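A closer look at the structure
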Amino acid sequence: MIEFQAVTKRYDDGTVAVDHLDLSIDDGRVTVLVGPSGCGKTTSLRMINRMVEATSGTISIDGADIRSRKPALLRRGIGYVIQNAGLFPHRTVLDNIATVPVLLGAKKAAARRRAEELLVTVGLPSELAGRYPAQLSGGQQQRVGVARALAADPPVLLMDEPFSAVDPVVRDDLQEELLRLQSELGKTIVFVTHDIDEAIKLGDKVAVLRVGGRLAQYDTPATLLAKPVDDFVAAFVGRDRGYRSLGFLSAHGVSVAPLPTVPLGSSVESARGSLRNGWAVVVDDSNAPLGWVSGVSLSTVEGELRRDDLVSGGSLYVADSKAGSLRTALDAALSSPAGIGIAVDSDGTVLGGVTADSVLKSLDDARRSGEVPS
Amino acid sequence: MNWVLDHIPELLSASGDHLQLALLPVAVGLVVSLPLGWVANRWRVARAILVPVSGLLYTIPSLALFVIMPLVLGTRILDPINVQAALTVYTVALLVRSIADALAAVPESVIAAASAMGYRTGGRFFAVELPLAVPVLIAGVRVAAVSNISLVAVGQIIGVGGLGFFLLHGAQSSPPNYQEIVAGIVLIVLLALVVDGLLAFAGRAMTPWARKRAGVVAR
């Protein structure tokens, strides 16, 4: 366990970056430090491996004061992932990953073998082993950064806004990958971000810091959304927190109704015959949804249904996975042109439809049974 | 061409002397500049002093520096060490700035990452910062080497040898021996080109990473 006890960081010019921080970070969990810029989140993180020295107070790891160890030696036992990856441009991917084991005295060949395994662990093809960082995409560099931090198998991983410099789609992939990795590795991860959505997605617990380095609230994401302690936290957590808290509620109670489907390439007449309430879903050979047709949209089509004739659909609700929350179900319904969200199984084939009404009814049921904190 | 063909052994041996006179100062200058460049990059005050002073040193005319050296070093006026010491000064003048700039160009995130991995200051310098400085460093060394090869010829005025001998000797003969003068010039230029090419090649061999850019995949 990492323990902050009354930790303060005051710079020479008098600015206080972190003010009497008390925080217990659980082993094997992801703890996210989040807050606006100037809240001392990165400073707090960097105090754990002594890249910044605390002015007063104590930080201990498993009961041992971090000041009892030399900084360089302490750091070799703590993984660190930095913003923009911070890879060494002059070393190949493999040698970047092997950095800490080599510092710890491992033979180069052994360290490289371990690095090759890690390349696979973080989901990169082994062809990248001999490349230089400049030859990788931002997302790939960040994965190498994670692999490098994991190379010596440290129990603690510090991550300093690691995904903030990549585009949203890649960021989403990297976040999923981190959650998958964490479910296998069970590291103690301290993660810094300014993005509350990222904090809520990744954190087992989230510490919200306010400007001036004071802890505002330290709770699970669900509690943070449901019961922010004050206006600052409520404002920081965001206006859509009611909607976003649906993301923590399972959609297993939402009823999935049958949905009319039409294979691509069917005649317009048969498509028209399948419409229910004016809409039908067009599917491909494997029954995966491609889009919608309506009475109106079909009125301009002749002969067979082609891809160009479809009205594009909304988001999909994956019903049989852990990702199937009330939020994804509701979003599927709201974003669909027909007002009916398409529910698919994990292979992507159509199971049926969900409506906003059925999602709200399921939320109501959850409230009544006490599943939702109120 | 007759003169040249008759004097090939002398020309070759003078070329060897010339190279040694020019390049030994480059090596010594590099060793001296590294810590100075590091200091200049590390402390702003040091940079504010070292970089302008080294730039100033480079503006001192070579002949003047050659004749001041005995006063500074306590050597005899015609000792070749005077020329080598002066050329070392020029090398340092060129390289201190290069090294300081090259070290300053290493991205902050790379240095922070190196510290976070557990490098100590010295280890980080040799394992991360210096290798990343090599492209700029080699560029500086190439300039210093070529400049020294040309300056050694001036040293002939205080009698150090090398290819400058043929320039002076040819000019002082009567009538002037143009074959001798041209042979000296051509050899000096040739030495400069060859040394510059070799250094460029060595630099590329040392920095395979610098040629790899996004999208360019080595097969």
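Residues numbered from 1 in each chain as written. Chains lettered and ligands numbered in written order. Predicted model: local features only at pLDDT ≥ 70, side-chain atom pairs only at ≥ 80, totals over all residues.

Concerning the domain arrangement of chain A
Taken domain by domain, chain A holds domain 1 (2–245) and domain 2 (261–367). Placing the centre of domain 1 of chain A and that of domain 2 of chain A at their C-alpha centroids yields a distance of 40 Å. (Domains from an automatic or database assignment.)

Some words on the interface of chain A and chain B
Frequently, the measure chosen for interface size is the accessible area removed from exposure when the parts meet. On the chain B side, the residues contacting the 20 residues of chain A number 19 residues. Mapped by element, the contributors of at least two residues to the side of chain A that touches chain B are α2 (71–76) and α4 (99–103) of chain A. A total of four residues in the side of chain A that touches chain B trace back to one element, the largest contributor, which is α2(A). Split by residue class, the side of chain A that touches chain B holds eleven nonpolar, seven polar and two charged. (Contact = placed C-beta atoms within 7 Å. Helix = DSSP H or I, 4+ residues; strand = E, 2+ residues; numbered from the N terminus. Nonpolar A, V, L, I, M, F, W, Y, C, P; charged D, E, K, R; others polar.)

What about the sheet that holds strand β2 (residues 16–25) of chain A?
One key point about sheets: their strands pair by backbone hydrogen bonds, in either a parallel or an antiparallel sense. All names here are of chain A. Overall, antiparallel pairing links the four strands, which are arranged β2-β1-β4-β5 in an open sheet. Of all the strands in the sheet, the pair left with one neighbour each is β2 and β5 (64–65). The sheet contact formed by strand β1 (residues 2–10) and strand β4 (residues 56–61) spans five bridges and is antiparallel. Bridge pairing links Q5 to T58 in β4. (Pairing = 2+ DSSP bridges.)

What to know about the environment of A:L104
Residue and element names in this part refer to chain A. Residue placement: L104 occurs in the loop between α4 and α5 (108–121). For L104 and G314, which are 210 residues apart along the polypeptide, the C-alpha to C-alpha distance reads 52 Å. Apart from residues no more than four positions distant in its own chain, L104 is found in contact with R76 and A152.

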